[in-house]
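A structural walkthrough
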Amino acid sequence: MIHTEETTHETIKTLEGLISILEDGKLGYTDAAEHVENPAMKTDFLEYARERALFIIELQNLINKLGKSTDTSGGGPLGALHRAWIDIKSAFTGGDTESIINACITGEEAAVEKYKKALEENHLEHDQVYIISKQLNSIQNTLSQIKMRAN
């Protein structure tokens, strides 16, 4: 697919949107790790946060390849982007493990939706689709692991 200026702009916007939800997830998991008592859960949440940070770098690399600098990280003004992880902070203040797990599930479900939407749009190149699909698969696995903890 040959990128026009318009499709390049759309692709960058899509990737920046994914970065923003990944940054929310990274912060959400870091907060979750600070507020759970269970050492295994703490370790898992920190691992999920680390994974989100790696995903952000992968997407920033894609944006850089398209000729836009990502030094500002997070993609600048993101407008009215849905930031599902923001509400999670209130769940953490109580330190209730079940609330924290449910908040993480909500955040991950929002991330999965955003990733699926990105893949449905037809302006991504093969290498971009590959990376986004791989990240989506990992996020879905994380979501399954967290849901198992909820039961």
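Keep in mind that what you see is a predicted model, and the values were worked out from it rather than measured.

1. So, the overall build of the protein chain
On a plain count of helices and strands, the protein chain comes out with 5 helices and 0 strands. Scanning the protein chain from its N terminus toward the C terminus, one meets helices and strands in the order α-α-α-α-α. Across the 151 residues of the protein chain, 44% fall into the buried class. Looking at the protein chain as shown, the accessible area adds up to about 8,200 Å², and 53% of this sits on carbon and sulfur atoms.

2. What to know about the nonpolar core
Among the nonpolar cores identified, the biggest contains 35 residues, and Phe-45, Leu-59 and Tyr-115 are the most heavily contacted of them. When residues no more than four places from it in sequence are discounted, the contact partners of Phe-45 are Tyr-29, Ala-32, Ala-33, Val-36, Ile-100 and Cys-104.

3. Some details on the side chain of Thr-142
With respect to the helices and strands, the residue Thr-142 is situated in helix H5 (residues 126-150). Setting aside residues no more than four positions away along its own chain, Thr-142 makes contact with Tyr-29, Tyr-48, Glu-51, Arg-52 and Glu-108.

4. Thoughts on the packing of aromatic side chains
According to the stated counting rule, one finds 3 aromatic pairs in the structure shown. Between the aromatic rings of Tyr-29 and Phe-45, the centroid separation amounts to 5.8 Å while the plane-to-plane angle is 25°, which identifies the pairing as stacked. Residue Tyr-29 is located in helix H1 (residues 5-35), and its partner Phe-45 is located in helix H2 (residues 39-65); the two are separated by 16 residues in the primary sequence. Among the aromatic residues, those joined into a cluster by ring pairs are Tyr-29, Phe-45 and Tyr-48.

5. A look at helix H4 (residues 97-120)
Three- or four-residue spacings in an α-helix give side chains the same orientation, since the helix completes a turn every 3.6 residues. Spanning 24 residues, H4 covers 35 Å between terminal C-alpha atoms, matching the ideal 34 Å at 1.5 Å per step. Every buried residue belonging to H4 is among Ile-100, Ile-101, Ala-103, Cys-104, Ile-105, Gly-107, Glu-108, Ala-110, Ala-111, Val-112, Tyr-115 and Ala-118, and all of these are buried. With a side-chain oxygen lying 3.2 Å from the backbone nitrogen of Glu-98, the N-terminal cap of H4 falls on Asp-96.

Reading guide: rules and limits
Residues numbered from 1 in each chain as written. Predicted model: local features only at pLDDT ≥ 70, side-chain atom pairs only at ≥ 80, totals over all residues. Heavy atoms only, no water. Helix = DSSP H or I, 4+ residues; strand = E, 2+ residues; numbered from the N terminus. Buried < 20%, exposed > 50% of the residue type's maximum accessible area, 1.4 Å probe, protein only. Areas by Shrake-Rupley, 256 points an atom, 1.4 Å probe, with all protein chains shown as cover. Core = buried A, V, L, I, M, F, W, Y, C linked by side-chain atoms within 4.5 Å. Contact = heavy atoms within 4.5 Å. Phe/Tyr/Trp six-rings, centres within 6.5 Å; stacked < 30°, edge-to-face > 60°. Expected span 1.5 Å × (residues − 1). Polar contact = N/O pair within 3.5 Å; in protein donor to acceptor, adjacent residues only side chain to side chain.

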